[in-house]
Amino acid sequence: MSEEAFQKAAEEVKQLKAKPSDAEMLEIYSLYKQATVGDVNTARPGMLDFTGKAKWDAWEAKKGMSKEDAVKAYISKVEELKGKYGI
């Protein structure tokens with residue numbers, strides 16, 4: 001998978017006709033972070049930051065996944081969402 005395909009998917013996911021579910025958004029977020037940054041490199045957010053904790057936990061679950069695998073999974077997930085929600 002090329003960097004171009006990844007960037008295209010990152011743009012397309014912002015153009016979906018409907019907002020994906022929270023679980024789908026967390027999956028997209030965590031795969032994007034794993035593909036662009038790698039393993040979690042920050043402390044878990046505080047107990048009152050519920051959104052931040054959910055995002056951090058989703059990203060932490062991808063720990064150890066290679067950037068290449070994360071890119072492939074991200075593109076695949078965006079394609080699935082495009083089929084489900086339209087673009």
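Residues numbered from 1 in each chain as written. Predicted model: local features only at pLDDT ≥ 70, side-chain atom pairs only at ≥ 80, totals over all residues. Heavy atoms only, no water.

Trainee: How should the overall build of the protein be read in this particular structure?
Mentor: Looking only at helices and strands, the protein features four helices and zero strands. Relative to the 2.2 N^0.38 estimate, which gives 12 Å for 87 residues, the radius of gyration of the protein is 13 Å and therefore close to what a compact globule would have. When the backbone C-alpha atoms are referred to their principal axes, the protein occupies close to 35 × 25 × 15 Å. Sorting the 87 residues of the protein into buried and exposed places 36% on the buried side. Summed over all atoms, the accessible surface of the protein reaches about 5400 Å², with 54% contributed by carbon and sulfur. (Helix = DSSP H or I, 4+ residues; strand = E, 2+ residues; numbered from the N terminus. Rg over C-alpha atoms; globule rule 2.2 N^0.38 Å. Buried < 20%, exposed > 50% of the residue type's maximum accessible area, 1.4 Å probe, protein only. Areas by Shrake-Rupley, 256 points an atom, 1.4 Å probe, with all protein chains shown as cover.)

Trainee: Hey, could you run me through the side chain of K82 in this one?
Mentor: Along the chain, K82 falls in helix 4 (residues 67-85). On the basis of relative accessible area, K82 is assigned to the buried category, the value being 16%. Each residue touching K82, except ones within four places of it in the same chain, is listed here: E12, L16 and I87. (Contact = heavy atoms within 4.5 Å.)

Trainee: Could you clarify how one ought to interpret helix 3 (residues 50-60) in this entry?
Mentor: Three- or four-residue spacings in an α-helix give side chains the same orientation, since the helix completes a turn every 3.6 residues. Those residues of helix 3 that sit buried are G52, K53, W56, A58 and W59. Buried-residue contacts for helix 3 involve helix 2 (22-36).

Trainee: When you look at the nonpolar core in this model, what are you seeing that I'm missing?
Mentor: Soluble globular proteins: nonpolar side chains tend toward being buried together. In terms of nonpolar packing, the biggest core is built from 15 residues, with F6, V13, I28, Y74, V78 and L81 touching the most fellow members. Counting only elements with at least two residues in this core, the list comes to helix 1 (3-12), helix 2 and helix 4. Examining the composition of this core, we find that seven residues originate from one element, helix 4, more than from any other. Setting aside chain neighbours within four positions, we find V78 in contact with A9, E12, V13 and I28. (Core = buried A, V, L, I, M, F, W, Y, C linked by side-chain atoms within 4.5 Å.)

The quantities given are spatial measurements derived from coordinates; they are silent on function.
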